[in-house]
Amino acid sequence: MGEFLKNLVEVISFIAIPLMFLLFLGWGLIKKVKVYEVFVEGAKDGFNVAIRIIPYLVAMLAAIGIFRASGAMELLITVLAPVTGLIGMPPETLPMALMRPLSGSGSLGIMTELMKVHGPDSLIGIMASTMYGSSETTFYVLAVYFGTVSIKNTRHAVPTGIIADVAGMLAAVWIVNLLFR
Amino acid sequence: MLNYIWIGLILIGLFVAVGNDIIDEVQNPYRNGEPFVSTVLLKKAPSGIRQTWEGDLVAPPDYFNGFYGTQRTQEPIRQPAVISKSADGTASLTMNITDASPAWWREMAKSAGSKERLLGRVVEFSVSEDQTSARVQVVFESIRFVKLKAVTQAALDYAAIAVNIALGLIGIMALWLGMMKVAEEAGLLQVLTRILTPVTKRLFPDVPPDHPAVGAIIMNIAANMLGLSNAATPLGLKAMEELNKLNPKVGTATNAMVTFLAINTGGLILLPATAIAVRAAAGSSNPGIIIGTSIVGAGCATIAGIAASKLLQRLPRYKKAMEV
């Protein structure tokens, strides 16, 4: 069942984009839309959107870079390590949980490292990869998405994102312990 | 809130960096100013005017670990080095640091004057009678302010990375915006939107069900679930632009925007392709075993995010921020 689902989703993810192109353009052709002209008209905005997010992205990534390079993460891990045992979370996976919302490349590096050291099919390896799949790079998403529309007052977006991250990490710990311990 | 998180990351980063560097000053883990005693197996003797010796610097692991204070290495040290004597009699040592070098020296070279080299001042140098080896005492260049240097470098590097990411977006952004425009003109998005109205009406009560924003949101979520991040980001940004057209207070996030972001940061994905690829590369017997657990984890994150956005938006302080 799991294998079948995996293959199915894999196939879908390969053919999805060509299929979408076909559907969009084909539908447009049937509805007698001047597809080329309309496409170019819409594509014009691409440049502006990308340029608009630069200041937001620079601000966010530079702050995350400073935090990561300073060794503050190691300090945070020492402080939090006693707590993780209580919820059944191996302390080795704590850097993963903390890095996931901050940096995609950083958490990818941690996941790879954990699998190299502990093996991909160990509890730690499974938990790290589940954690990686259980959340998005929240702060990157915030910076980019709000950047495009020049939002400065983010209201409750940050607490919401953090609640979602914590819930995702706790759920990952719970389900992996339930199934693989 | 983002204000405090942002300044918090920077301030904590700077304070911790300074703290770590002060600890380094006291503990001196790089042994600044202390001579490292070892033997150089000479390969090339000086010729003509230039007084240089080339060879391999060797040291037993016990001495290396004892010198630097901890278990830094298991292997005997064998590191190519060049010693050159200048006219006034002082000698210097240069080591090209490669992946074969001891990890601790690689670490030191990162913060040294030149990233690929570690330099040292030779305090004692005596060549054996048969000219094949030499005893050498060398004081390596001082390594200090490691974390502050790293922090500076990181700030500059990440600023450049941010621009690269944004520039890389231009092409795919244009492609998907063009496609979306065609779908919109052809009425395809409206059809999609109508089918999913019962769901979107509840998630985004402030957005009219036939608004173009809904179409973009649906496309973004679909792309995210299929793991098509190249398509998801441009579609998501398009959705944000459409949502912003309904924004009564420019520059402030609306309820719909926050709910939309909660769905996005939850990261619900049917096939966590990156994690599976890494697992397969690491030699897992069943790389796909995490599909189910990831869906549970991301599902919980998404539900918690949506619930939190709906509850928090009622708090007086967030309501007030929305008043025009």
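Residues numbered from 1 in each chain as written. Chains lettered and ligands numbered in written order. Predicted model: local features only at pLDDT ≥ 70, side-chain atom pairs only at ≥ 80, totals over all residues. Heavy atoms only, no water.

1. Points about the overall build of chain A
Scanning chain A from N- to C-terminus turns up ten helices and zero strands. In chain A, the succession of α and β elements from N to C terminus is α-α-α-α-α-α-α-α-α-α. The C-alpha atoms of chain A give a radius of gyration of 21 Å, which is well past the 16 Å a tight globule of 181 residues would have. With the C-alpha coordinates of chain A rotated into their principal frame, the extents come out at 65 × 45 × 30 Å. With 181 residues in all, chain A has 53% of them scored as buried. Sequence separation of at least 24 residues holds for 68% of the intrachain contacts in chain A that already meet a minimum separation of 6. A total accessible area of about 8,200 Å² is found for chain A, and carbon and sulfur atoms account for 72% of it. The distance from the centre of the 12 positive side-chain charges to the centre of the 11 negative ones in chain A is 11 Å. (Helix = DSSP H or I, 4+ residues; strand = E, 2+ residues; numbered from the N terminus. Rg over C-alpha atoms; globule rule 2.2 N^0.38 Å. Buried < 20%, exposed > 50% of the residue type's maximum accessible area, 1.4 Å probe, protein only. Contact = heavy atoms within 4.5 Å. Areas by Shrake-Rupley, 256 points an atom, 1.4 Å probe, with all protein chains shown as cover. Lys, Arg positive; Asp, Glu negative; His and termini not counted. Charge placed at Lys NZ, Arg CZ, Asp CG, Glu CD.)

2. As for a nonpolar patch on the surface
The grouping of Leu76, Val79, Leu80, Val83, Leu86, Ile87, Ile162, Val166 and Leu170 of chain A together with Met1 of chain B at the surface amounts to a nonpolar patch, some 860 Å² of accessible area in total. Put simply, the parts of the chain that give the nonpolar patch at least two residues each are helix H5 (72-84) and helix H10 (157-180) of chain A. Among the elements that line the nonpolar patch, the one with the most residues is H5 of chain A, at four residues. By the secondary structure assignment, Leu76 of chain A is in helix H5. (Patch = residues over 30% accessible without salt bridge, like charges linked within 9 Å, V, L, I, M, F, W, Y side chains within 5 Å. Salt bridge = Lys/Arg side-chain N within 4 Å of Asp/Glu carboxyl O.)

3. What about the pattern of salt bridges?
All names here are of chain B. Throughout the structure, instances matching the rule amount to twelve salt bridges over all chains. Among the ionic pairs, Arg144 bridges to Glu25, the shortest N-O distance being 3.2 Å. With Arg144 in the loop between strand E6 (133-140) and helix H4 (146-185) and Glu25 in helix H1 (residues 2-27), the pair connects residues that are 119 residues apart, well separated along the chain. Its relative accessible area of 36% is what places Arg144 among the partly exposed residues. Judged by its relative accessible area of 38%, Glu25 falls in the partly exposed class. We note a salt bridge from Lys238 to Glu242, for which the minimum N-O separation is 3.4 Å. Separated by four residues within a single helix, Lys238 and Glu242 lie in helix H8 (residues 229-245), roughly one turn from each other.

4. A closer look at the pairing of E6 of chain B
All names here are of chain B. Counted residue by residue, E6 has seven buried out of eight residues, so it is predominantly covered. Here six bridges tie strand E1 (residues 36-44) to E6, and the two strands are oriented antiparallel to one another. Bridge pairing links Val40 to Ala134 in E6. Between strand E5 (residues 117-127) and E6, which pair antiparallel in sequence order, lie five residues; one of them, Gln131, sits at a positive phi of approximately 65°. (Pairing = 2+ DSSP bridges.)

5. Side note on the nonpolar core
In globular proteins that are soluble, nonpolar side chains generally tend to be buried together. Core analysis: the largest hydrophobic core is formed by 104 residues, its most contacted members being Met131 and Phe146 of chain A together with Leu243 of chain B. In terms of residue count, the dominant contributor to this core is H4 of chain B (14 residues). Every residue in contact with Phe146 of chain A, bar those within four places of it in the chain, is listed here: Val141, Ile151, Thr154 and Ala157 of chain A together with Met240, Ala253, Met257 and Leu261 of chain B. One finds Ala81, Val122, Val136 and Phe140 of chain B within the second-largest nonpolar core, a separate group that totals 31 residues. (Core = buried A, V, L, I, M, F, W, Y, C linked by side-chain atoms within 4.5 Å.)

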